[in-house]
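So the chains spell out like this:
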Amino acid sequence: METPAYSPQELEAAVQQRWHDQQTFKAAATPSGEKFYALAMFPYPSGQLHMGHVRNYSIADAIARYQRMRGKEVMQPMGWDAFGLPAENAALKHGLAPAQWTMDNIAHMRGQLQRLGLSYDWSREFATCTPDYYRWEQWLFVKLWEKGLVYQKLSTVNWDPVDQTVLANEQVVDGCGWRSGAPVEHKEIVQYFLRITAYAEELLSGLDTLSEGWPEQVLTMQRNWIGRSEGAEIHFPLAAGDGVIKVFTTRPDTLMGATYLAVAPEHPLAVQAAENSAELAAFLERCRHGSVSEASIETQEKEGHPLGLNVRHPLTGVELPVWTANFVLMGYGEGAVMSVPAHDQRDFEFAHKYGLPVRAVIQTEGIVTGGEAMTEAYTGSGTLFNSGTFDGLANEEAKSRITAAVAAKGLGRKTVNFRLRDWGISRQRYWGTPIPMIHCPHCGVVPVPERDLPVILPTHYQLKDPRSPLLDDPEFTQVACPQCGAAARRETDTMDTFVESSWYYARFACPDAGQMLDQRAADWLPVDQYVGGVEHAVLHLLYARFFNRLLRDVGLLPADGAHDEPFRHLLTQGMVLKDGSKMSKSKGNTVDPQGLIDRYGADTARLFILFAAPPEQHLEWSDSAVEGAYRFLNRFWRLVHEYGATPPALPADLSAEAVDLRRAVHQCIDRVSRNMDGRYHFNVAIAAIMELTNSLMKVPADAPADLRAVLGEGLRALTLLLAPFAPHIAEVLWGKLGQNSVISHASWPVADAGALRCDTVTLVIQINGKLRERMDFPADADHASVEQTVLAHPAMQHHLEGKTVRKVIIVPGRLVNVVAG
RNA sequence: GCCCAGGUGGCGAAAUCGGUAGACGCAAGGGACUUAAAAUCCCUCGGCUUAUGCCGUGCCGGUUCGAGUCCGGCCCUGGGCACCA
């Protein structure tokens, strides 16, 4: 019979229609068996699916399909992270409403995703820009405000003086506004903060519970981000007048070496001192330019200026000058540092630049500390000197002794500091969740009462400039105070879009709930496998871990310990690179996957992208390698069709050749299974599938019945093994092999231990670690007989001529190394 | 600047524990089939020298019978750095 051509377009459409009609991937409201919640990070609807999406969703779907075949009850949802800056940019550019642009993009991208044949339960889909979703964020915001977990404080933003608007770090290009080109200024405005630092200890200790399921790299990054450090808070009294400058240090042992203090340019004392010094005022003004991002602050030239005031050293009473420096961060610790040039490299460089004294107080053998000969700071451990009563102490011991001495004078204490800062969630932008607060001239800041939620974001504006249209819309801003009824003004700031992505995974369990979450969230959570880009290793993943605890603490998730962490296993996929750098919409170096899918079909696109690199590694894009995946699917298609329908039963007695082929079949099942289970080395799994296909293709059509039967067994196994990667073709070929069931719900094959057994092993024979020979041995040969056989072998005698055998190392099943000299 | 990764043939990569370096695929070259092309199938494919040899996993050094893998020190590339998502 003629083999029909493999035409993926029609085939995939038909299979997708069947899945749709049979609701193959719809998950129950509540799982009854062993549940598996598979989740890929939901996309921002930028307009076009890009390769990163295809990779992300192919990986997550392969996992979901594999777990489904392993008998788990799988739920895999999909939705849209729909608020954000690009919608405003696009709206400005094209004169559209951001809502319209966003919804059009969602419609288009939904079609693209559906074309990929991902096993989603589409009935759970939502977009975060709809009031049904963001209203619960507003509800939670008010709850957290009442609990004191939301508060207001001044914070620095990038300000474009021409466009009169706040800029995102991304919109600051070389220190200037991206549209206006004007030099960016720092501006302090009142913003809302979520008290994530109240959860710092728990977010840190929770990482220990994830050591099995999360990549070590991500855990390390989060630990460093939270940055718990033990040290001391030390107060330096002002020499003139009342008051102290508080500093935090992890090195109280070096206190006797402090020669000056440095405060942030925004520090109140710096601002106050500038009133009497034009030069200082000019310096502070210079510091007010450039991006506020940490990267730009840390890489700029280190500069400082004296404030013209002194503090007293808390122990010696000696007066030390106070400087301001552009590298001191207002947001970390107290916005001030004590400077010990001898034992801190940045202080050392700063002191040399400005001629400030260097006083060494820690010494160790072989290192010069102090004097002209010192060329860099000594930051290691050692013994104290130049330190009065502390001389001779080991520096670790000195930390607690000096802290105690300072504390005894009421000028400090031992403390724990975190690098983690509270999360500022106010955005002076339009396209986001309105912050549900009202500013009343009499009552101050008042939350919107629950009965008035949601505060709906108007969507009818046409944007003309970057300024938020909410500011100029009296229908939105004019409101009566919920407390006193007086005329009040509605808050026009919106929330950081990271808020939406911090709890969507929970909402997917109960997308239609009449409250933020209901019991179904507890039933489906935690997510069993989360898949997304490494670029989210810190921010998104930390915020979601924080939110999950907030949800627990307002009673929406059980406080049973099993629901503290939102994501049990995490796979951080590598980026798709083009020409060596990240493929991203902002860089404009994207490759449109649509052409790939149109030409070769979804199965080829998926198979190629999973085969090209292991999921965690970066994938450098290349157009040329796709053909190979397509050729393989064609080969497999022909092989199954040429074989025909239902395979015959396996005879009891198999020829040696059939036994070998059957071993290859079961080795393949074993290899693919081991590379799937928890490891997800898809590229190796697919290579094993290709390898067995090559072997099976060598079986001739007129081979003996036993060989043909093993071939049939192999084809059935291969089709099952291929199903997570190329599900459409697997579905059709499964039917071709005489199976009536849907392969998506078929059982994953299990390797037969008997078929894997092998009577002989090939050992590699080395002399001094260099490969010389290969020899076959019975699988159960003992060491003595192996050694004897190897040394007696003529080739070995030749190699060993004139040498003395000193030792023979035998690694069972692998090699023999003869040490000779 | 700080934090985290990665570096293996012409290319993407493979190598549970320290034990045959380069599976599988791409590209390339040769051949079969064909009037021809496409498709398909077969063969070769790290380097040097053409050997039963030597060298080879970014660079330098170390541990070991044995190092892509472990240790120390560098170099290069990528990602994150709190308002891109």
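Model, not experiment: these values are computed from the prediction.

Considering the overall build of chain A
Thinking step 1. When helices and strands are counted, chain A shows 26 helices and 32 strands.
Thinking step 2. Judged by the C-alpha coordinates and their principal axes, chain A covers about 100 × 85 × 50 Å.
Thinking step 3. Classification of the 821 residues of chain A by burial places 54% in the buried group.
Thinking step 4. Counting contacts in chain A only where the partners sit at least 6 residues apart, residues at least 24 apart contribute 72% of the total.
Thinking step 5. Accessible surface for chain A amounts to roughly 35,500 Å². Of this, 50% is attributable to carbon and sulfur atoms.
Thinking step 6. Side-chain charges in chain A split into 76 positive and 96 negative, and the spacing between the mean points of these groups amounts to 1 Å.

As for the protein's contact with RNA strand B
Thinking step 1. In the vicinity of RNA strand B, 72 residues are found, and the nearest of them are Arg429, Ala612, Arg674, Arg774 and Asn817.
Thinking step 2. Here the atoms of RNA strand B within 4 Å of the protein split so that 62% fall in sugar or phosphate, with bases taking the remainder.
Thinking step 3. Gln217 places a side-chain nitrogen or oxygen 3.3 Å from a sugar or linking oxygen of RNA strand B.
Thinking step 4. Between a phosphate oxygen of RNA strand B and a side-chain N or O atom of Arg772, the distance comes to 3.4 Å.
Thinking step 5. Across the surface near RNA strand B, the residue classes tally to 26 nonpolar, 24 polar and 22 charged.

Thoughts on unusual backbone geometry
Thinking step 1. Residue Pro454 follows Leu453 across a cis peptide bond; omega there is 0 degrees.
Thinking step 2. Structurally, the position occupied by Pro454 is in the loop between β20 (444-447) and α13 (474-477).
Thinking step 3. A cis amide bond, omega 0 degrees, links Leu525 with the succeeding residue Pro526.
Thinking step 4. Tracing the sequence through the fold places Pro526 in the loop between α15 (519-524) and β24 (529-533).
Thinking step 5. The phi dihedral of Tyr680 falls on the positive side, at around 55 degrees, and the residue is not glycine.
Thinking step 6. Checked against the element boundaries, Tyr680 lands in the loop between α20 (656-676) and α21 (682-697).
Thinking step 7. Owing to a relative accessible area of 5%, Tyr680 belongs among the buried residues under this scheme.

So, the sheet that holds strand β11 (residues 304-312)
Thinking step 1. Pairing is mixed across the open sheet formed by four strands, whose spatial order is β11-β12-β10-β13. Of all the strands in the sheet, just β11 and β13 (336-339) have a single pairing partner and so form its edges. Adjacent strand axes in the sheet meet at a mean angle of 30 degrees when their direction is disregarded.
Thinking step 2. Of the strand pairs in this sheet, strand β10 (residues 260-263) and strand β12 (residues 319-325) are connected by three bridges, and their pairing is parallel. In the strand pairing of β12, Ala262 is matched with Trp323.
Thinking step 3. With respect to the sheet, helix α9 (residues 278-287) is in contact with β11 and β12, its orientation differing from that of β11 by roughly 115 degrees.

Observations regarding the pattern of salt bridges
Thinking step 1. A complete count under the given rule lists 41 salt bridges for this structure.
Thinking step 2. Residue Arg110 pairs with Glu125 through a salt bridge whose shortest N-O separation is 2.8 Å. Taken together, the residues Arg110 in helix α4 (residues 98-115) and Glu125 in the loop between α4 and α5 (131-146) connect sequence positions 15 residues apart.
Thinking step 3. Taking relative accessible area as the criterion, Arg110 reaches 26% and is therefore assigned partly exposed.
Thinking step 4. Note on Glu125: relative accessible area 23%, which makes it partly exposed.
Thinking step 5. Several salt bridges converge on common partners, so that one network encompasses Glu202, Arg545, Arg549, Arg552, Asp553, Asp564 and Glu565.

Concerning the side chain of Ser339
Thinking step 1. Inspection of the secondary structure puts Ser339 in strand β13.
Thinking step 2. Leave out the neighbours within four places in its chain, and Ser339 touches Gly257, Ala258, Thr259, Tyr260, Ala262 and Asp347.

Things to note about the environment of Arg413
Thinking step 1. Summarising the element assignment, Arg413 is placed in strand β16 (residues 412-418).
Thinking step 2. In this structure Arg413 comes out as partly exposed when scored by relative accessible area, which is 44%.
Thinking step 3. It is 36 Å that separates the C-alpha atoms of Arg413 and His289, two residues lying 124 residues apart in sequence.
Thinking step 4. Setting aside residues no more than four positions away along its own chain, Arg413 makes contact with Gly231, Ala232, Glu233 and Thr403.

Digging into the nonpolar core
Thinking step 1. If you look at the biggest cluster of nonpolar residues, it comprises 185 residues, and the most contacted ones within it are Tyr504, Tyr505, Leu517 and Phe725.
Thinking step 2. With ten residues, the single largest contributor to this core is helix α2 (residues 51-69).
Thinking step 3. Setting aside residues no more than four positions away along its own chain, Phe725 makes contact with Ala62, Asp603, Arg606, Leu607, Leu610, Met676, Phe682, Ala685, Ile686 and Ile689.
Thinking step 4. Counting residues in each nonpolar core, the second largest holds 42 residues, with Ala232, Ile234, Ala270 and Leu411 among its members.

Description of helix α18 (residues 602-611)
Thinking step 1. Of all ten residues that make up α18, nine are buried, and the element is covered over most of its length.
Thinking step 2. Of all the positions in α18, only Ala602, Asp603, Thr604, Ala605, Arg606, Leu607, Phe608, Ile609 and Leu610 are classed as buried.

Overview of the packing of aromatic side chains
Thinking step 1. Scanning all chains against the criterion turns up 35 aromatic pairs.
Thinking step 2. With a centroid separation of 5.8 Å and an interplanar angle of 25 degrees, the aromatic rings of Tyr151 and Phe193 are classed as stacked. Of this pair, Tyr151 sits in strand β3 (residues 150-160) while Phe193 sits in strand β7 (residues 185-194), and the two are 42 residues apart along the sequence.
Thinking step 3. Accessibility expressed as a relative area gives 16% for Tyr151, which makes it buried.

Some points on the pairing of strand β32 (residues 815-820)
Thinking step 1. Relative to β32, strand β29 (residues 760-767) is paired through four bridges, and the arrangement is parallel. Within the sheet, the bridge partner assigned to Ile765 lies in β32 and is Val816.
Thinking step 2. Pairing geometry for strand β31 (residues 805-811) and β32, over six bridges, is antiparallel. In the sheet register, Lys807 faces β32, and the bridge partner there is Val819.
Thinking step 3. The antiparallel hairpin formed by β31 and β32 contains three residues in its connecting segment, where Gly813 sits at a positive phi of about 80 degrees.

What counts, and where the lines are drawn
- Residues numbered from 1 in each chain as written.
- Chains lettered and ligands numbered in written order.
- Predicted model: local features only at pLDDT ≥ 70, side-chain atom pairs only at ≥ 80, totals over all residues.
- Heavy atoms only, no water.
- Helix = DSSP H or I, 4+ residues; strand = E, 2+ residues; numbered from the N terminus.
- Buried < 20%, exposed > 50% of the residue type's maximum accessible area, 1.4 Å probe, protein only.
- Contact = heavy atoms within 4.5 Å.
- Areas by Shrake-Rupley, 256 points an atom, 1.4 Å probe, with all protein chains shown as cover.
- Lys, Arg positive; Asp, Glu negative; His and termini not counted.
- Charge placed at Lys NZ, Arg CZ, Asp CG, Glu CD.
- Near = heavy atom within 4 Å.
- Polar contact = N/O pair within 3.5 Å; in protein donor to acceptor, adjacent residues only side chain to side chain.
- Nonpolar A, V, L, I, M, F, W, Y, C, P; charged D, E, K, R; others polar.
- Pairing = 2+ DSSP bridges.
- Axes fitted to C-alpha atoms, helices over the stretch in contact; angles between N-to-C directions.
- Salt bridge = Lys/Arg side-chain N within 4 Å of Asp/Glu carboxyl O.
- Core = buried A, V, L, I, M, F, W, Y, C linked by side-chain atoms within 4.5 Å.
- Phe/Tyr/Trp six-rings, centres within 6.5 Å; stacked < 30°, edge-to-face > 60°.

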